[in-house]
Amino acid sequence: MTSATLKQHIEAAAAPVSQFWPMKGFVSHNPLQGLEHLPFDEAFREAANLFGAAGYLPLTEYRALHWTGRIDAASVQQALRRCGPADKGCISLLSRSLSAGQVQHLHLLHGIDALPPALFDWQVTQQKALERPRGGASVSAEIPALWQAALASLGLDDPRLGLPDAVPSRAQPSAEADLPFQRCLSDWLDETGDDGVVSAIDAQVIKWVSAFVDEGMAGWVMPSKQAGFFSAWRELSQYDSSGRLLGISAFKEKVRALPGDAETCIQRCMEALQVPEARWSDYLARTLAQLPGWTGLIRWRSENPDDPIQKHNPIDVSQYLAVRLFYEVQLVELAAQRRWGIAGTLPAISRRLARAESAGQGALLAAGANAGRVCRDGWRLFQLAQLLKLSADELGSLRQQDANTVLAWLDAFPPEDHQRVWLEAYEDSFRRRLLGKIAEHRAAEESRLERPLAQAAFCIDVRSEPFRRHFEATGPFETFGYAGFFGIPIDHRSFDSGESFPLCPVLLSPAKATLEVPRGGQDDALARYASGSRWQQLGEHLFHDLKHNPIAAFLLVDVLGLFFSVALIGKTLLRRPYAALARAARRLFRRPVATALEVDAGEAPAPYVTGLPIELSRGFSLEQQADFVEGGLRTIGLVENFGRFVVLCGHGSSTDNNPYAAALDCGACGGRHGDPNARAFAAMANKPAVRAELARRGLAVPDDTWFLPAKHDTTADTVAFYDLADLPGSHQQDLEILRRSFLQAGQKLALERCASLPGAPARMSPAQAHAHVGSRAVDWATTRPEWGLSGNAAFIIGRRAVTRGLDIGGRCFLHSYDASTDPEGAILEKIMTAPLVVGEWINMQYYTSATDPWKYGSGSKVIHNVVGGIGVMYGSQSDLATGLPLQTVNDGASHYHEPMRLLTIIEAEALVVAAIIARHAILQQFFHKGWLNLVVLDRHTGAFQRYNTDASWEAVAL
């Protein structure tokens, strides 16, 4: 096989595994991103086979949602029409008729499933299933007679009579059993026995990968990392005794004999397993899918070669596969020898399993023909008759041909097809309620303030929606929604930080860097800050070294035990006072320094900063700054009637002892706080030269309008302002009004949030609720400081008038857009191809974490173990958890986040939206493959139209 062909196999195998970003900048993403080219349902079926993960809620949960009214009957009927089987066929029963649609509707609601033969006696004797009606059926004295009528209709005997039962003949077994699709030999051995081959391979691979990708948590650094993962493993594993303990003979010699490059090693391993080349792609795909978390991290590292850590310690999918396949070859050989005394190759194991099947060692001997049909067909007909409320006479009148027709209707709608219908019904119920609210709200006339005191641009984040609603209610204010990086992709370095971070969606790559630098005239303050900073760094390094020293670690507890006990008591029992005291202590030892953001391009030398060098050019030209400001204002429709303030309000979260802190920050800023972007936008917009350039472009901003950067803390519901040193004296009194309004809005929102926060006291005042959410921000023991974006369900692109004053439950991303200023859809196109894409990623991250918290999510925080500074494992060793914790999406056993696909509502012309979709493959993928739902709102008529997967439109009836 050529190297190019092998690379193609590897690339195809890696595609289904989504990249995983390290947790310091958690990026919400669709874990099935590599399968988004498939229709939604097909992709989740593929993932269920490959990863063993569930893409839908259990059918019992969907049915419970229906019986409690969350999914209404009209939505079920609509979903069956859209996603169910065709309603074809009808039969007659005495005085009534029965259609395929009726049967399949009952099947969906109640589950008319075959009974495993082994459970027949238990159902009869313990559950009294032939004496009592099933759930959903009415009480009837005819249950025994109904059972006999069902059997008679199909020409079957009652198994309780003990009559002889014929055993069906079996087909002649083949000489070799087939390796199941997307299964490795290690999987096959574990599924047919109890060898534990996969777990043994996992343990070895996790040990080596976690040591290699560690980003500073480990006390001892893995040697030889600069040579790459495969080379480092090949060098060091020769001294690892675990290979010999696993039973691998001549382990050191086998490792030493491996070729020096990973791809050659992969080829030799696949040849040693004797896997046909036609199966290489699916075999390698399953190999990578056995630990999708670690594979996803490795994919991210390999596809970001400019990452400083990847530059110095390279790792890629090929190197990972080479190591894993080495253990696969050795441990499969060992297991095959121990169990059967044969070689661990695909042909040898296939022949052995085929003989086992032939000898009857598998569970292949079918039940008797009559008993099998009774449990499969008779049981289902009996269940259906109860749900239809048929009498024994009516069922007895059913001809065998008609009975088989009814069973064929059930076969045409198997349980695995029910899930997509239930999801559609789930979404339809939400969609009709939300659109109904918007339609009713539209009756109120839009009122534009004469001149607002302030206009505030918030992130489109769902948590901004309720804050905006409460803020608007406090005074003469308008709010807008804009992606939280405010259209300015930057690589930012904070003051006294050793590392820069990209602050923009991961779809973009910053071309420029910005620096936070001290303002002038602060020599004394800078000297005090530098002194305190040096002492702090000394203390941190000393503590770190002592803690990881095998001898000093024991003494450290005795020496500093009293100090830590004070901190323990304070952080546990006196959270807010302790946090205030800690902040005061930090200010005492590290006096705060007033800073500014450098946004201008220039030739001046970069100020001294610690850490990694800054590789991008700094700052922006005047024209670039004007482009950013103009683009932002026109995107949200703020082109006239400017207020005294235009507040650029980024957001971030404050939590303690939370590895998932970045998951609560701004997704549009790459999982980080958005205040640097807000400061950059405001600094540009306040420049007289930029204002003059905007005026030349037809966008006149009044001289007394001030752009004010701020940040909304989504946990504590507070708003902090930045760069107040630049604020004109004429705006000081207005600033105080603004402060009070933000405080009032935060208090009201805190009270609203506390109603759904577990553990929050009842009957609080707004001020008490505000204090409570503030205490959660500093509570190191809480597993749920806030709900984050849990509950997200819709993405609304349109004027604020569509939702202003409407309580939509903090479930909608709100992006401001005015179609009247964008007749060609150029602005809308940018919104749909960037912010909407990020919204889909966030929605799918929450969706999958709710449908399968342990495979797509990250399970319970109770057993999390932070590894390498890059993620968490379960307990001492597991796959890298890539999704969200159970506590983020669930409140106990109930789903706080309702897993639904994102509903996109756009206030624009349908033709304009359709044209945009036709120009972009990613949008066609989202809307034609069913990953997003789309509805457009006609601004003039108020009519809604739904976009279908075949690119057609249909009117939405409310």
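The name an unreviewed UniProt entry gives the protein is Probable inorganic carbon transporter subunit DabA, with Pseudohaliea rubra DSM 19751 as the organism. Its UniProt record, at the heading Subcellular location (unreviewed entry), says of the protein: "Cell membrane". Under the Cofactor (unreviewed entry) heading, UniProt states for the protein: "Zn(2+)".

### Concerning the UniProt feature "binding site: Zn(2+)" (unreviewed entry) in the protein
Per the UniProt record, "binding site: Zn(2+)" (unreviewed entry) is annotated on Cys459, Asp461, His651 and Cys666. Taking the farthest pair of C-alpha atoms as the criterion, the annotated set spanning 208 residues converges on one region, since that pair is 8.9 Å apart. Residues that both appear in the annotated list above and line the largest cavity are Cys459, Asp461, His651 and Cys666. Checked against the element boundaries, Cys459 lands in the loop between β3 (454–458) and α23 (464–472). Structurally, Cys666 can be placed in the loop between β9 (645–652) and α28 (675–685). The exposure class assigned to Cys666 is buried, which follows from its relative accessible area of 1%. The contact partners of Cys666, leaving out residues within four places of it in the chain, are Cys459, Gly484, His651, Gly671 and Arg672.

### Digging into the pattern of salt bridges
Tallied over the entire structure, the rule returns 61 salt bridges. In this structure, Lys24 engages Glu215 in a salt bridge whose closest nitrogen and oxygen atoms are separated by 3.4 Å. Taken together, the positions of Lys24 in the loop between α1 (3–14) and α2 (40–51) and Glu215 in the loop between α9 (197–213) and α10 (229–236) put the pair 191 residues apart, joining distant regions of the chain. Take Lys24: its relative accessible area is 39%, and that puts it in the partly exposed class. Across the salt bridge formed by Glu303 and Arg299, the nearest N and O atoms sit 2.7 Å from each other. Taking relative accessible area as the criterion, Arg299 reaches 14% and is therefore assigned buried. Each of the salt bridges in this network shares a partner with another, and the network as a whole consists of Asp72, Arg81, Arg82, Glu424, Glu427, Asp428, Arg431, Arg432, Arg433, Arg901, Arg946 and Glu954.

### With respect to the state of the cysteines
In this structure the tally under the stated criterion is zero disulfides. In this structure Cys269 is not part of a disulfide, and its nearest cysteine sulfur, from Cys265, lies 4.1 Å away. Judged by relative accessible area, which is 6%, Cys269 ranks as buried. Unpaired in terms of disulfides, Cys649 finds its nearest cysteine sulfur in Cys459, a separation of 9.7 Å.

### Looking at the pairing of strand β20 (residues 944–947)
Sheet faces and side chains relate simply in a regular strand, where the side chains alternate between the two faces. Note that strand β19 (residues 933–937) and β20 share four bridges and pair antiparallel. Each residue of the ladder has a partner; that of Leu937, found in β20, is Phe944. Hairpin connection between β19 and β20: a loop of six residues separates the two successive antiparallel strands, and Gly942 in this loop has a positive phi of roughly 75°. Note that β20 and strand β21 (residues 953–955) share three bridges and pair antiparallel. Residue pairing in the sheet places Gln945 in a bridge with Ala955 of β21. The turn linking β20 back onto β21 is made up of five residues, and Ala951 within it adopts a positive phi angle of 70°.

### Quick word on the packing of aromatic side chains
Inspection of every chain in the model, using the stated rule, returns 40 aromatic pairs. On the basis of an interplanar angle of 65° and a centroid distance of 5.9 Å, the ring pair of Trp233 and Tyr327 is categorised as edge-to-face. Of this pair, Trp233 sits in helix α10 while Tyr327 sits in helix α17 (residues 317–340), and the two are 94 residues apart along the sequence. For Trp233, a relative accessible area of 0% translates into the label buried. Linked through ring pairs, Phe40, Phe44, Tyr56, Tyr847, Tyr856 and Trp931 together constitute an aromatic cluster. Its guanidinium or amino end placed over the ring of Phe40, Arg901 lies 4.8 Å from that ring's centre, counting from NZ or CZ.

### So, the domain arrangement of the protein
Per the domain assignment, the segments of the protein are domain 1 (85–141 + 348–412), domain 2 (192–347), domain 3 (453–519 + 617–647 + 658–779) and domain 4 (520–593). Taking only C-alpha atoms into account, the centre of domain 2 sits 47 Å from that of domain 3.

### Points about the layout of surface pockets
Over the atoms, a rolling probe the size of a water molecule traces out where space has been left empty. If you add up the space inside the largest pocket, you get close to 2,200 Å³. If you trace the largest pocket, you find 50 residues lining it, with Arg583, Arg586, Ser654, His673 and Lys711 closest to the centre. Of all the elements in the fold, those that place two or more residues in the lining of the largest pocket are β6 (501–503), α24 (523–548), α26 (575–589), β8 (595–598), α28, β10 (706–713), β11 (718–721) and α31 (766–776). Looking at the lining of the largest pocket element by element, the count peaks at nine residues for α26. By residue class, the composition of the lining of the largest pocket is 21 nonpolar, 13 polar and 16 charged. The residues that make up the lining of the largest pocket include at least three from each of domain 3 (453–519 + 617–647 + 658–779) and domain 4 (520–593).

### Observations concerning the confidence of the model for the protein
The predicted model of the protein has a mean per-residue pLDDT of 91, with 95% of residues at 70 or higher. Segment residues 360–367 is flagged for pLDDT under 50; beyond a separation of four residues in sequence, or across chains, it makes seven contacts in the model.

### Structural notes on the sheet that holds β10
Pairing within the open sheet is mixed, and its five strands lie in the order β4-β3-β9-β10-β11. Of all the strands in the sheet, just β4 (477–481) and β11 have a single pairing partner and so form its edges. Each strand axis lies, on average, 30° off the axis of its neighbour in the sheet, ignoring direction. Pairing analysis gives four bridges linking β10 to β11, with the strands arranged antiparallel. Considered in β11, the bridge of Asp713 is made with Thr718.

### A few points about the environment of Leu284
Relative to the elements of secondary structure, Leu284 occurs in helix α14 (residues 280–289). Leu284 sits in the buried class, given a relative accessible area of 0%. Along the chain, Leu284 and Tyr856 lie 572 residues apart, while their C-alpha atoms are 21 Å from each other. Other than its neighbours up to four places away in sequence, Leu284 contacts His9, Ile10, Ala13, Met270, Leu321 and Leu325.

Cut-off values and rules
Residues numbered from 1 in each chain as written. Predicted model: local features only at pLDDT ≥ 70, side-chain atom pairs only at ≥ 80, totals over all residues. Heavy atoms only, no water. UniProt positions renumbered as here; feature names shortened; annotations may be inferred. 1 Å grid on protein atoms, 1.4 Å probe; cavity = no way out; pocket = protein on both sides within 12 Å on 5 of 7 lines; lining within 4 Å. Helix = DSSP H or I, 4+ residues; strand = E, 2+ residues; numbered from the N terminus. Buried < 20%, exposed > 50% of the residue type's maximum accessible area, 1.4 Å probe, protein only. Contact = heavy atoms within 4.5 Å. Salt bridge = Lys/Arg side-chain N within 4 Å of Asp/Glu carboxyl O. Disulfide = S-S within 2.5 Å. Pairing = 2+ DSSP bridges. Phe/Tyr/Trp six-rings, centres within 6.5 Å; stacked < 30°, edge-to-face > 60°. Lys NZ or Arg CZ within 6 Å of the ring centre and 35° of its normal. Domains from an automatic or database assignment. Points joined across faces, edges and corners; volume = space filled by probe spheres on them. Nonpolar A, V, L, I, M, F, W, Y, C, P; charged D, E, K, R; others polar. pLDDT = per-residue confidence, 0-100. Axes fitted to C-alpha atoms, helices over the stretch in contact; angles between N-to-C directions.

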